[in-house]
Amino acid sequence: MARILVVDDDPDLRDLLVAVLEAGGFEAESVSSAGEALTRLGATEIGLVLSDVRMDGMTGLDLVEAIRKRPRPVPVILMTAFGGVEEAIDAMKAGADDFLQKPIRPELVLARVRKVLESSTLRRRVEELEGLTVPDVVHSSPTMGGLFAKLPVVARSDVPVLLTGETGTGKDVVARAIHRASGRRDHPFVAVNCGAIPENLLESELFGHRKGAFTGADRDKNGLFAEANGGTLFLDEVGDFPLSLQVKILRALEEGQIRPVGGTKPVPVDVRIIAATHVDIAAAVAEGRFRQDLYYRLAVVLLHIPPLRERPEDLVDLVQRFLRELGARHGRPDMKISPEALRRLERHSWPGNIRELRNRLTEAMLFATDRIEPEHLNLPVASESPLPPRTTEGIEGGDSGSDYAAARRTFERAFLKGALDRSHGNVVRAAEETGLSRRQLYNMFRELQIDPKAFR
Ligand SMILES: Nc1ncnc2c1ncn2[C@@H]1O[C@H](COP(=O)(O)OP(=O)(O)OP(=O)(O)O)[C@@H](O)[C@H]1O
Ligand SMILES: [Mg+2]
């Protein structure tokens, strides 16, 4: 049975909730602040967090965000103020799984906790299954196309990779793509963002600890290195790792073994490391904030992901992909975008890159009825890039980008037929030649009504 962590600055409510949860058959414990909650999450297995929104210091919303960045995000239910509709919306926006309005009705608590636990188990299973399929990653631009062409070789090589790129450019996405294309795909992919973990707990998060190693360590706990055994460990924002830990990571890489906190014997581990950073790590090395030896060890392969403003060819595809994905999720499968809105997107400089694009489209979708217009996008005028907008032929005349879609289909049909001609209808060879997966090819054949057998 999952252990529930209650976070509230009101001791009476804390006791009440713990009692209710225990009566419902859960293990439960409580802390009085979000900071303490993060500490407990690092020290012991927690299955769900039930937290107040309004607290001094870090709020419940901040806590949700910090938990979302953790390697194994646990579901969170937030308790919002009575009648606080805004707060409830904020809670869901921040990524909470559900909310309970105060005053708390004990009989509701158990039902909601059970529901959230069930759906999060289900979601995890779906994510695991999705992990086995080819990811729907857009790479239409020449730069991203080139990068993706290299991925199979990089993936198979098993050497460390360092990904650089501004925030939201897709470092996470690329790291996962490497893992899936590698021989380690059937083993875990574990991501760790050191910024999301209190510094005093980082070592034990990474390397694990033995029971009694520090206060609160009430049982042995495996670290993320052990959890990623056989698979890939993704060290996100590696530039932020404290120097004291950098040396331990270096040792783990060199020796292939780790030392759990409070343990005496080293434990062998077999992990492939992919690291990512949005800061200039070479500069950090020059300034002594990052160990040079670790840098060389991580940057065996260095992949730079360019910002979105430098690869405008990806934008339209990303928009179409997000409209499909978000439309399905929010029950608006037929959502369109107007040519003016698309041009507005093309003129924006996207400091937050693809994540920002996705967020803008999510919000626009909430306000648009059936077509996203420029005013739904909520883009500040001052942020427009000084670059001239790229050509929008094909979209110009269309009422919802349909001309672009038609042009694209024409191109795709010719492209695929050419590849099938050369491979005499052999789909495996066509996949190798085009860099597309077989699954992608078959999907496109179906969509474009091409029969590969006709080319034999
Ligand atoms: N090529 C792509 N195709 C489709 N979606 C993408 C692509 N690249 C990124 N995304 C989406 O954009 C968002 C941000 O990507 P991601 O989390 O990988 O960025 P990041 O570089 O790791 O950012 P940060 O530095 O902030 O951690 C995610 O929702 C991701 O799914
Ligand atoms: Mg990331």
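Residues numbered from 1 in each chain as written. Chains lettered and ligands numbered in written order. Predicted model: local features only at pLDDT ≥ 70, side-chain atom pairs only at ≥ 80, totals over all residues. Heavy atoms only, no water.

**With respect to the overall build of the protein chain**
Here is step 1 of the chain: Each helix and strand in the protein chain was counted, giving 18 helices and 14 strands.
Here is step 2 of the chain: The globule rule puts the C-alpha radius of gyration for 456 residues at 23 Å, and the 25 Å found for the protein chain is close to it.
Here is step 3 of the chain: Taken along the three principal axes of its C-alpha coordinates, the protein chain extends 70 × 55 × 45 Å.
Here is step 4 of the chain: Taking all contacts inside the protein chain whose residues are at least 6 apart in sequence as the whole, residues at least 24 apart take part in 71%.
Here is step 5 of the chain: Carbon and sulfur atoms provide 52% of the accessible area of the protein chain, an area that totals close to 22600 Å². (Helix = DSSP H or I, 4+ residues; strand = E, 2+ residues; numbered from the N terminus. Rg over C-alpha atoms; globule rule 2.2 N^0.38 Å. Contact = heavy atoms within 4.5 Å. Areas by Shrake-Rupley, 256 points an atom, 1.4 Å probe, with all protein chains shown as cover.)

**With respect to the confidence of the model for the protein chain**
A low pLDDT score tells you not to read the predicted coordinates there in detail.
Here is step 1 of the chain: Considering every residue of the protein chain, the mean pLDDT works out to 86; 91% of them sit at 70 or more.
Here is step 2 of the chain: Note on residues 130-135: pLDDT under 50 across the span, and 6 contacts to partners over four residues away in sequence or across chains.
Here is step 3 of the chain: Considering only residues more than four positions removed or in separate chains, one finds that residues 385-401, a stretch of pLDDT under 50, has 26 contacts. (pLDDT = per-residue confidence, 0-100.)

**Quick look at the pairing of strand 6 (residues 161-164)**
Here is step 1 of the chain: A two-sided burial pattern is seen for strand 6, the buried positions comprising Val 161 and Leu 163 on one face and Leu 162 and Thr 164 on the other.
Here is step 2 of the chain: Bridging between strand 6 and strand 11 (residues 272-277) involves 4 bridges; their strand directions are parallel. Within the sheet, the bridge partner assigned to Val 161 lies in strand 11 and is Ile 274.
Here is step 3 of the chain: In this sheet, strand 12 (residues 301-304) lies alongside strand 6 in parallel orientation, the contact comprising 4 bridges. In the strand pairing of strand 12, Leu 162 is matched with Leu 302. (Buried < 20%, exposed > 50% of the residue type's maximum accessible area, 1.4 Å probe, protein only. Pairing = 2+ DSSP bridges.)

**Regarding the sheet that holds strand 8 (residues 232-236)**
Here is step 1 of the chain: Spatial ordering of the open sheet is given by 7-8-11-6-12, a layout of 5 strands whose pairing is parallel. This sheet does not close on itself; its edge strands, each paired only once, are strand 7 (189-193) and strand 12. Each strand of the sheet is rotated relative to its neighbour by a mean of 20°, with strand direction disregarded. (Axes fitted to C-alpha atoms, helices over the stretch in contact; angles between N-to-C directions.)

**Quick look at unusual backbone geometry**
Here is step 1 of the chain: In this chain, Lys 102 is followed by Pro 103 through a cis amide linkage whose omega measures 0°.
Here is step 2 of the chain: For Pro 103, the location among the structural elements is in the loop between strand 5 (98-101) and helix 5 (106-130).
Here is step 3 of the chain: Despite not being glycine, His 424 shows a phi value in the positive range, around 50°.
Here is step 4 of the chain: By secondary structure assignment, the location of His 424 is in the loop between helix 16 (402-423) and helix 17 (427-434).

**Regarding a negative patch on the surface**
Here is step 1 of the chain: A cluster of acidic residues, Asp 9, Asp 10, Asp 12, Asp 15 and Asp 56, forms a negative patch at the surface.
Here is step 2 of the chain: Here Asp 10 shows up in the loop between strand 1 (3-7) and helix 1 (11-23).
Here is step 3 of the chain: Of the residues examined, Asp 10 reaches a relative accessible area of 32% and is grouped as partly exposed. (Patch = residues over 30% accessible without salt bridge, like charges linked within 9 Å, V, L, I, M, F, W, Y side chains within 5 Å. Salt bridge = Lys/Arg side-chain N within 4 Å of Asp/Glu carboxyl O. Lys, Arg positive; Asp, Glu negative; His and termini not counted. Charge placed at Lys NZ, Arg CZ, Asp CG, Glu CD.)

**Section: the site of ligand 1**
Here is step 1 of the chain: Taken together, 17 residues sit near ligand 1, with Val 138, Thr 167, Gly 168, Lys 171 and Arg 355 positioned nearest.
Here is step 2 of the chain: At a separation of 3.1 Å, an oxygen atom of ligand 1 approaches a polar backbone atom of Val 173.
Here is step 3 of the chain: One of the side-chain nitrogen or oxygen atoms of Arg 355 is found 2.9 Å away from an oxygen atom of ligand 1.
Here is step 4 of the chain: Protein contacts shield 85% of the accessible area of ligand 1, which totals 630 Å² for the unbound molecule.
Here is step 5 of the chain: Only helix 7 (171-181), helix 13 (313-329) and helix 15 (353-367) provide two or more residues apiece to the shell around ligand 1.
Here is step 6 of the chain: Its residues assigned to classes, the shell around ligand 1 comprises 6 nonpolar, 4 polar and 7 charged. (Near = heavy atom within 4 Å. Polar contact = N/O pair within 3.5 Å; in protein donor to acceptor, adjacent residues only side chain to side chain. Nonpolar A, V, L, I, M, F, W, Y, C, P; charged D, E, K, R; others polar.)

**Focus on the pattern of salt bridges**
Here is step 1 of the chain: Enumeration according to the criterion identifies 27 salt bridges in this entry.
Here is step 2 of the chain: Asp 52 serves as the salt-bridge partner of Lys 102, at 3.1 Å between the closest nitrogen and oxygen. Placement of the pair is Lys 102 in the loop between strand 5 and helix 5 and Asp 52 in strand 3 (residues 48-52), with a sequence separation of 50 residues.
Here is step 3 of the chain: The exposure class assigned to Lys 102 is partly exposed, which follows from its relative accessible area of 21%.
Here is step 4 of the chain: With a closest N to O distance of 2.7 Å, Arg 184 and Asp 158 form a salt bridge. Of the two residues, Arg 184 is situated in the loop between helix 7 and strand 7 and Asp 158 in the loop between helix 6 (142-157) and strand 6; the sequence distance between them amounts to 26 residues.
Here is step 5 of the chain: The class for Arg 184 is buried, based on a relative accessible area of 9%.
Here is step 6 of the chain: Residue classification places Asp 158 among the partly exposed residues on the basis of a relative accessible area of 37%.

**Here we look at the environment of Arg 422**
Here is step 1 of the chain: Tracing the backbone shows Arg 422 in helix 16.
Here is step 2 of the chain: Spatially, the C-alpha atoms of Arg 422 and Glu 433 are 9.5 Å apart, while their sequence positions differ by 11 residues.
Here is step 3 of the chain: Dropping the residues within four chain positions of it, Arg 422 is found in contact with Arg 429 and Glu 433.

**What to know about the sheet that holds strand 4 (residues 76-80)**
Here is step 1 of the chain: Taken together, the 5 strands give an open sheet; going across it, the order is 2-1-3-4-5, and neighbouring strands pair in parallel fashion. Of all the strands in the sheet, the pair left with one neighbour each is strand 2 (27-31) and strand 5. Strand-to-strand, the axes of this sheet are offset by a mean angle of 20°, without reference to chain direction.
Here is step 2 of the chain: Set on the sheet, helix 3 (residues 60-68) makes contact with strand 1, strand 3 and strand 4; between it and strand 4 the angle comes to about 170°.

**Brief notes about the packing of helix 13 against helix 15**
Here is step 1 of the chain: The contact between helix 13 and helix 15 brings their axes to 10 Å, and the two run at 45°. Considering their axes alone, helix 13 and helix 15 lie oblique with respect to each other. Taken as a pair, helix 13 and helix 15 cross one another with a handedness that is right-handed. In contact with Leu 315, Leu 318, Val 319, Phe 322, Leu 323, Glu 325, Leu 326, Gly 327 and Arg 329 of helix 13, helix 15 contributes Ile 354, Leu 357, Arg 358, Leu 361, Thr 362 and Met 365.
Here is step 2 of the chain: For the contact of helix 13 with helix 15, a count of residues per class yields 10 nonpolar, 2 polar and 3 charged. (Parallel < 35°, antiparallel > 145°, perpendicular 65-115°, else oblique. Left-handed = near helix turned anticlockwise from the far one by under 90°.)

**Thoughts on the nonpolar core**
Here is step 1 of the chain: Counting residues in each nonpolar core, the largest one holds 34 residues, and the members touching the most others are Leu 206, Phe 225, Leu 233, Leu 235, Val 238, Phe 241 and Phe 290.
Here is step 2 of the chain: Listed by contribution, the elements that provide at least two residues to this core are strand 7, helix 8 (199-207), helix 9 (224-227), strand 8, helix 10 (243-255), strand 11, helix 11 (281-286) and helix 12 (292-298).
Here is step 3 of the chain: Ignoring anything within four residues of it in the chain, the contact list for Leu 206 reads Val 192, Gly 223, Leu 224, Phe 225, Leu 235, Phe 241, Leu 245 and Ile 249. (Core = buried A, V, L, I, M, F, W, Y, C linked by side-chain atoms within 4.5 Å.)

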